[in-house]
Each structure stands twice: as C-alpha cells, then as structure tokens.
Amino acid sequence: MISARSLFFSRSARTFLPILILVLLATAPVYASLYTLISLSNVFMYIVLTVSWAVFSGPSRYISLASAAFFGIGIYVSAILGNVLPFPVVVFIGGLLSFLVALLVGLSSLRLRGMYFTIFTFGLSELIRHSVHWWEVNMTGTVGRWVVAVDQTIVYYAMLIIVMMTVLVAYTISRSRLGFALRGIGESEDAADHMGVSVNALKIITFAISTFFMGTAGAVMATRWTYIDPSIAFNPLFSFMPVLMAIFGGIAQIVGQIIGATALTVLADILLTKFPYYYMLSYGVILVAVILFLPGGLMALQAPMKNWYERSFVK
Amino acid sequence: MSLTLFVDITVGGLILGGLYALIAAGLSLQYGVARVLNVSHGEFIMLGALATYSLYTLFDINPLISLVITGPIIFAIAFLIHNTFFQRLRRASESIGEFEGTSLLASFGLLFIIQNIALLFWGPDIKGYTYFDKQVNLLGAIYGANRIIALLFAVGIGLGFYFFLVHSRFGKGIRAAAQDVNTAQLVGVNIHRMLGLCFALGALLAALAGSLISAMFELTPFMGLPYTIIAIIAVVLGGLGNILGSLIGGFILGIIGNLVTYLHPGLSLIAYYAIFLLLLLIKPTGIMGK
C-alpha cells in the first residue's frame, strides 16, 4: 500500500520525486498555458539567484548583497549584444562577464570580513547602478534600452537548463572538498587557514562561479522584459530576495533553497495581483517572522512534521 | 575661486554635513553599541520628516516645536522594536557575528514594514511645505533662512549629544559598551537597558534630523534609503563603532557631497559610493582608526 509516508519520506521517493518533477517541467510547454510558462520562468529565475547566492554565502557565511549587480550585468549584455550575436552566445557571455567582474571584485574585497564584506557588496551594486544610469543619461542620451525579444518557450527552456546546471554545480560543490573547505571558513576562517585551506583563493573562485549563473539568468530574462533601464536591471531587490528566499526555505540544503524561492515567488504573484498595496509590507513581515521564529527555514519543519506523522498515523 | 563661491560651497556643505552628522551618529550608536547595522535607519528619518509635515499642514504646529513631539514618540517606538525584535534575536544567536548577520536581515524586513506602512498612511506623492524661507545673505551667497536654522539646530543637537557622550555618566557607559560590552558589564554598566536605549537614541537622532530636513527637501515614503546609505558611509568613514568619528565623518561627507554637486550635479551619489568602496579597500578602520 502506498502511504503518504512512503511518498514523501522514503529513500526511493527522494530519487523518484525529482525525476517526476523534471519530466513534468520539461513537457510543460506541451500542455501548460503561456501564463503558466511565464510564471514558471519567473520561479526559475529566483531559484537560480537563490541557489547560486547560497553556493557561496550559505556555507562561508559571507552575506553578499551584490546579486543584483551580476544579474544586471547579464541583462545589459543581452541588451547590447542581443541583436548582434545568437541567443546562446549572448547568454554565455552574460555569465562569463559576471564571472570576470566577480573575480575582480573578489580579488579586491574578500579580505574584508563579516559586516564589511556585506556593506561593500551592497555599495558596489549601488555604485554600478548609479554609474550606468549616469553613463546612459550623459553619454547615450536615453536612460532605457530595448532588448530583442525571444520566444517564450525558448526562454522557458533556457531558464530550465540554467536551473538544472545551477543545482548540479551547487550540489557538486557542496559534496566536494571545496564545499567542506567553505563550511570550514564559515565555522572559523582562522582555523581553516591554519589547517592549510587556501582561504582567499577558495572564496574568490566559489564567489565567481556562483555569479556565472546569475549573469546567464539575467541575459535570458532580459529578453522577456524587452525594455530595461538601470533601476530595473540593478534593482536592489534582486540582491535581497535571494537572501530572504534561502533563509525562508532553509539555507543549509539546496532543496530548502528551491522550496523557499518557489514559495515566495508564487506568494509574490498572488499578493501582487490580489493585494498590490500590501505586497512589500507582507514581505517585510514574513522576513522578520522567519528570522525570529523559524531560523532554520521551512526545512526545519521537516523533522517535527515527520515525527507528528509517525506518531499519529504509523502504528 | 571667489569668496562668495567659497562661502556658498562651505556653508552648503556644512548644512548637509550637520544633518549627515546627526544621522551618522544615530547609526553609529545602533551599530557601535547595539550591534544592529540598522538598514531601516533612514525610515526613522522619513517618519520624523513626514510626521513634522503632517503636524505643520494639519495642525499648524511649528516644525521646530514638533521636534519635541515626534522625537520622543519615535524614541519610544524604537525602544519597543529593540526590546522585542532585536533583544530576542540577540539571545537566540550563538555569537555576536551571527547576531550582526541576522539583525541586518531583520532590519531589512523592518525597512519594508515601516516604508509600506508610511506608504499606506501618506501615499506615494511627493510632499513639501514652505516654512520660514526668507532669504539670508552670507557674504553674497544666498540661503533660505530655514536651512541656516537647520544647520544651527543640527550643530546644537550634535554638540549637546557630544557633551552628553563625553561628560555624562550614561554617555560614559555608552562609550564603554561601544569599546567592549563584556568589560563594560563587569564594571557595572547595565547592558540590557543600555542596548535598547542606544538603539532608541539612534532613532531619536534620525527623527530629529528628519524634522530638520522636512522643510528643505521633497518628502516621500521612499526618501529613507539614500540617507541610510549616506549614514553607513559616514559611519565607516569615522570608523565602525567610533561614535565621535561618525559625527566628523558626517561633516566631511556633507562638504564633499556639496563640492561634487557643484562640479557636476549628477555625480554626488556616485562620488559617495566611490569614496566608500575605496575607503573599505584601503583603510576599513576609517579615518580615525589605528
């Protein structure tokens, strides 16, 4: 007999469920409406931002608020090169440029610890936003740019592929020596250093890898918005949301990050259409409530739920 | 450079700098002592400014009198916020580093909450009022009288705060706690009361600056964040945790900002960020740091 327990908690379910979801998502353009596809691409975007943010900031505990900068770089690559080069090349360049900028940023800033790193990254992405704005106004003459539109189904598949790549890389890193070293840095950077971990090199390379995916996601999503300007592309919300989503779902596990990103994106969709005035207010309340009452995120509810289930249904 | 231009830039810089100094000193109290890098700091400025606006337009209350009305109310609200939210977070955190991270995120939440409540209350439109805008001539440079008054009040409040910090018993306790919380506790500083009061005092300074700003600039529920950023920069300039340094940092930033605005109006924010990032890279302990 298939009980709910074997559906959600058993080992076979853990391998079966992701495959089922993946098959459903891969075939979605066949049966789902255009609206569903667009919403799903949006969910994918936040999954990429959240998981790639957490690749570096999760284990190392260096809270980066620069996601918007790297996402925005991808968007601008798409706007500038979109009608010159083929779509996949543009997307790759978006990622590559983010990666290179992140290397530079990492080289100069990862000596900064704790709070200094966080405010540095925030300042950096605001500096980029204001500089691009200044450049566009004074040099180009217009604030905004048009982006060549791409078919929604292609956007959908591109985002799905990027999500899979991000999750795969995140998973591989967390299981590798690199992942262990990063967790060591998060626990105690000095101790990790003394044990022979080349602290700075590892931080910089992981940080740069994580931003590659943000850049590609930006390059893809830009084609969906068709019009962009610096305050859209470098919106600070793209820096805050991944942090919020990772914490909401459970920062320690990739599944938690995905659940957090999905839940909050869907919630945002509902709030924006039903209660536009309370949208940001409810986000603030959720953020504060999660930090206060659910520091482990939704994933922390898993164990108590399992317990409750076993106590009440499994005799 | 002619004398008039020099006076124009210096006095303009001092006006901005005086307000920035108050705002930065407030954030410095919150971060240096209470260890909350309060990103919602600017929202208390916004609350102070919009409340002053409403008191003036609805009840015809003089903005300088509303200083003593809005200030204490915001002080009380901030005290309550600290002793419910942040106190709880602090107890739940394993280390002070962890608390700094979580309290930073919680203050982002607070930013969204305060900003959107203000949005429901005041609406998104730009507001402003004129108060005492008689022109004053200083060696050829012309200012609205309300700006000069704002400068005088900012300097007065700043000096008052300085003497309170340096000479009063409570001020000494605050400085001791900023240096080392545990040792301060050992020599008899009541830390739990101190932390809440410092957070509230920081918000009070923000609210006072907000009241002074209200007659000078356009007011919206979104006006807070730029001030928060300026405050963070000024605090880093003076050295994180160095309250007196942040007062100086505020003045320096105001003068630089006014100078850059004079040279090229669009560049002041970019200049702030560029100074800020360079400072973090070259001398993260600030100009007063060792």
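In what follows, the structure referred to is the one given above.
Residues numbered from 1 in each chain as written. Chains lettered and ligands numbered in written order. Predicted model: local features only at pLDDT ≥ 70, side-chain atom pairs only at ≥ 80, totals over all residues.

## Here's the deal with unusual backbone geometry
In step 1: In this structure, R61 of chain A is a non-glycine residue whose phi angle is positive, near 60°.
In step 2: Secondary-structure assignment places R61 of chain A in the loop between α4 (34–60) and α5 (67–81).
In step 3: Looking at R61 of chain A, the number of C-beta atoms within 10 Å reads 19, which means it is partly exposed.
In step 4: Of note, the phi angle at D60 of chain B is positive, near 60°, even though the residue is not glycine.
In step 5: With respect to the secondary-structure elements, D60 of chain B resides in the loop between α2 (41–59) and α3 (63–92). (Helix = DSSP H or I, 4+ residues; strand = E, 2+ residues; numbered from the N terminus. Buried ≥ 20, exposed ≤ 12 C-beta atoms within 10 Å, placed from the backbone.)

## So, helix α9 (residues 177–187) of chain A
In step 1: Among all positions of α9 of chain A, only A181, L182 and I185 of chain A are buried. The buried residues of α9 of chain A occupy an angular sector of 100° when the element is viewed end-on, so they sit on one face. (Arc of directions from axis to C-beta.)

## Brief notes about the nonpolar core
In step 1: Judged by nonpolar contacts, the single largest core of 178 residues is most densely connected at V48 of chain A together with I23 of chain B.
In step 2: Of all the elements, helix α8 (residues 191–213) of chain B adds the most residues to this core, at 16 residues.
In step 3: Membership of the second largest hydrophobic core comes to seven residues, among which are L182, I185, A192 and V199 of chain A. (Core = buried A, V, L, I, M, F, W, Y, C linked by C-beta atoms within 7 Å.)

## Describing the interface of chain B and chain A
In step 1: Facing 33 residues of chain B, the contacting portion of chain A comprises 34 residues.
In step 2: Contributions of two or more residues to the side of chain B that touches chain A are made by α3, α4 (96–122), α9 (224–238) and α11 (268–282) of chain B.
In step 3: Broken down by element, the residue count for the side of chain B that touches chain A peaks at 15 residues, all from α4 of chain B.
In step 4: For the side of chain B that touches chain A, the residue count by class is 25 nonpolar, six polar and two charged. (Contact = placed C-beta atoms within 7 Å. Nonpolar A, V, L, I, M, F, W, Y, C, P; charged D, E, K, R; others polar.)

## Some remarks on the environment of G95 of chain A
All names here are of chain A.
In step 1: Considering the arrangement of structural elements, one finds G95 in helix α6 (residues 87–109).
In step 2: Separated by 121 residues in sequence, G95 and T216 have C-alpha atoms that sit 4.4 Å apart.
In step 3: Aside from chain neighbours lying at most four places away, what touches G95 is G74, F212, F213, G215 and T216.

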